[in-house]
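# Examination of the molecular architecture
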Amino acid sequence: MKPLSGKSLVAAAAAPQIVTFVHPGVLNTQESLDLVGSQVNGGEPVRAAAYQKVLDYVNNNALPTKFWETVTVGSNGATTESKSQIRKDAILAYALALRWAKTGTATYAQQCIAILNGWSYTFKQYAVLSGSNQYQPSLEASWTTPSFVAAAEIIRYYKAFGQSAGWSDADINQFNNYLNLVKNNYINNTPAYNNNWNASAGYAKMAIGIFLNSTTVYQNGYNIITQHLPIIIKSDGTIPEYCDRNDCVHYQYSLTAFAYSAELARIQGDNSLWAFNSSLLSKGYDYMKAAYNRTTSCTTCSTSSPVFPGTEVAYNYYKTANLKYLRELQDPLYVPNDRTFLGFTSYTHFNVPSL
């Protein structure tokens, strides 16, 4: 598939007031899912190779047989069975939703619904491992919740070959309760660290707001993004989080959360986050390219370092040479090893028009 022409990068305008949300509206739309599914079903090889990543995830991650009332989490890489499962399941639900949208096979919708229902009816609280950051649950909730929501948006609103998934109103209401629980008790308590924690929280609240049809929650998330974008990405594109953390991961959390937030807004008819502060996010990805080329002040990244899936979404909007270089390092892009953000973006976004 040939690249689309680049978009004009203009100064950000005031975000338009949302009266009615577009659904599905979390990274995918009815039209975009129709397009990519039809391309795979029609044998288009580039899209089919990207879709294979969805199948790989489904085939390599078993359907859950239990869910947890309490998810115990730890910071600095500490893991538990419950933490690993909720991260895995959030993306598995999304992969199954994409598979149902492409095939129309009711079994995949029902498997996705079982995951969404399992967590929303069972989950009660987070707990923290001894010695870990007490606020770690806020970050974990900011990571897993938008992936659940992206799946839920498809299951609730998408029509696969004219058919709905059949998620009941009672189950949808319970999922609403789950979203409000994790938002009110955890995401809202994210500390002002001025780093990827805040970017992730803003993205999560925008996604939650769309599903809840809450302009207030959505706007709160949008405000977090506009507040922290110029803090996390300096005017020249430098991202201090890269050298401060001395890894090739944490600053990509911020970039991915910003890219996904900008795409959520775009689907709702608002390109302002892509254009914010003279396309500051694009400059951040320019810095990421320099990091991979090891021309920055620290040299942790290399061309073999994982490329997070937000890169594909950003490339689909900006179409810059630097983003093209980054995505092609590992095309088609998959899921982060730590399952912090949904993936499969080469399937859902590579050269997909703004539908």
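Predicted model, so just to flag it, every value in this text is computed and none were measured.

## Notes on the layout of surface pockets
Empty space within the largest pocket amounts to approximately 400 Å³. What lines the largest pocket is a set of 23 residues, among which Ser75, Asn76, Gly77, Gln136 and Trp143 lie closest to the centre. Considering each element in turn, the lining of the largest pocket owes the most residues, four residues, to helix 5 (residues 136–157). Here the residues of the lining of the largest pocket sort into five nonpolar, 12 polar and six charged.

## Some thoughts on the packing of aromatic side chains
This structure, assessed with the given rule, holds 28 aromatic pairs. Aromatic pair phenylalanine 67 and tryptophan 119: ring centres 5.6 Å apart, planes at 80°, arrangement edge-to-face. Taken together, the residues span a long stretch of sequence, with phenylalanine 67 in the loop between helix 2 (45–60) and strand 1 (70–73) and tryptophan 119 in helix 4 (residues 106–122) at a distance of 52 residues. With 6.0 Å between their ring centres and 70° between their planes, tyrosine 334 and phenylalanine 344 make a pair best called edge-to-face. Here phenylalanine 344 lies in the loop between helix 13 (321–328) and helix 14 (345–349) and tyrosine 334 lies in the loop between helix 13 and helix 14, a separation of 10 residues in the sequence. Judged by its relative accessible area of 28%, tyrosine 334 is partly exposed. By way of ring pairs, the aromatic residues Phe123, Tyr126, Phe148, Trp167, Phe175, Tyr178, Tyr186 and Phe211 are connected into one cluster. The ring of tyrosine 325 carries lysine 289 above its face, with NZ or CZ at 4.8 Å from the centroid. In this arrangement the basic side chain of lysine 319 is found over the ring face of tyrosine 315, its NZ or CZ atom lying 4.9 Å from the centre.

## Thoughts on the pattern of salt bridges
One pass over the structure, following the stated rule, counts eight salt bridges. Note that arginine 266 and glutamate 263 form a salt bridge whose closest N and O atoms lie 2.8 Å from each other. Here the residue arginine 266 and the residue glutamate 263 both occupy positions in helix 10 (residues 250–267), the gap between them amounting to three residues, near one helical turn. Exposure remark for arginine 266: the relative accessible area of 12% places this residue in the buried category.

## A short note on helix 6 (residues 169–185)
The end-to-end C-alpha separation of helix 6 is 24 Å, in line with the 24 Å expected for 17 residues at 1.5 Å each. Burial in helix 6 covers these residues: Asp171, Ile172, Phe175, Asn176, Tyr178, Leu179, Val182 and Lys183. Projected down its long axis, helix 6 shows its buried positions confined to an angular sector of 160°, all on one face. Opposite the buried face of helix 6, by more than 90 degrees, sit the exposed residues Asp169 and Ala170.

## Topic: the nonpolar core
Among the nonpolar cores identified, the biggest contains 116 residues, and Phe148, Phe175 and Tyr251 are the most heavily contacted of them. Among the elements that make up this core, the one with the highest residue count is helix 3 (residues 81–103) (12 residues). The residues contacting tyrosine 251, other than those within four sequence positions of it, are Ile239, Glu241, Tyr242, Met288, Ala291, Tyr292 and Cys301.

## Considering the confidence of the model for the protein chain
The predicted model of the protein chain averages 95 in pLDDT, with 95% of residues at 70 or higher. Within the model, pLDDT remains below 50 along residues 1–14, and this stretch shows 30 contacts once partners closer than five positions in the same chain are excluded.

## Concerning the state of the cysteines
If you walk through the whole model with that rule in mind, you get two disulfides. In this model, cysteine 243 is linked to cysteine 298 through a disulfide, with the two sulfur atoms separated by 2.1 Å. When the S-S torsion is -90°, as for the bridge of cysteine 243 with cysteine 298, the disulfide is left-handed. On the criterion of sequence distance, the pair formed by cysteine 243 in helix 9 (residues 240–245) and cysteine 298 in the loop between helix 11 (272–292) and helix 12 (310–318) is long-range, its members being 55 residues apart. Judged by its relative accessible area of 25%, cysteine 243 falls in the partly exposed class. Its relative accessible area of 11% is what places cysteine 298 among the buried residues. Here cysteine 248 pairs with cysteine 301 through a disulfide, and the sulfurs are 1.8 Å apart. Its torsion about the S-S bond being 105°, the disulfide of cysteine 248 and cysteine 301 is classed as right-handed. Here cysteine 248, found in the loop between helix 9 and helix 10, pairs with cysteine 301, found in the loop between helix 11 and helix 12; they are 53 residues apart in sequence, far enough to count as distant. For the pair cysteine 248 and cysteine 301, one class covers both residues: buried.

## A short note on the side chain of lysine 319
When you line up the elements, lysine 319 lands in the loop between helix 12 and helix 13. One buried charged side chain, lysine 319, makes no salt bridge at all; its nearest oppositely charged neighbour is glutamate 312, positioned 7.3 Å away.

So, how was this worked out
- Residues numbered from 1 in each chain as written.
- Predicted model: local features only at pLDDT ≥ 70, side-chain atom pairs only at ≥ 80, totals over all residues.
- Heavy atoms only, no water.
- 1 Å grid on protein atoms, 1.4 Å probe; cavity = no way out; pocket = protein on both sides within 12 Å on 5 of 7 lines; lining within 4 Å.
- Points joined across faces, edges and corners; volume = space filled by probe spheres on them.
- Helix = DSSP H or I, 4+ residues; strand = E, 2+ residues; numbered from the N terminus.
- Nonpolar A, V, L, I, M, F, W, Y, C, P; charged D, E, K, R; others polar.
- Phe/Tyr/Trp six-rings, centres within 6.5 Å; stacked < 30°, edge-to-face > 60°.
- Buried < 20%, exposed > 50% of the residue type's maximum accessible area, 1.4 Å probe, protein only.
- Lys NZ or Arg CZ within 6 Å of the ring centre and 35° of its normal.
- Salt bridge = Lys/Arg side-chain N within 4 Å of Asp/Glu carboxyl O.
- Expected span 1.5 Å × (residues − 1).
- Arc of directions from axis to C-beta.
- Core = buried A, V, L, I, M, F, W, Y, C linked by side-chain atoms within 4.5 Å.
- Contact = heavy atoms within 4.5 Å.
- pLDDT = per-residue confidence, 0-100.
- Disulfide = S-S within 2.5 Å.
- Lys, Arg positive; Asp, Glu negative; His and termini not counted.

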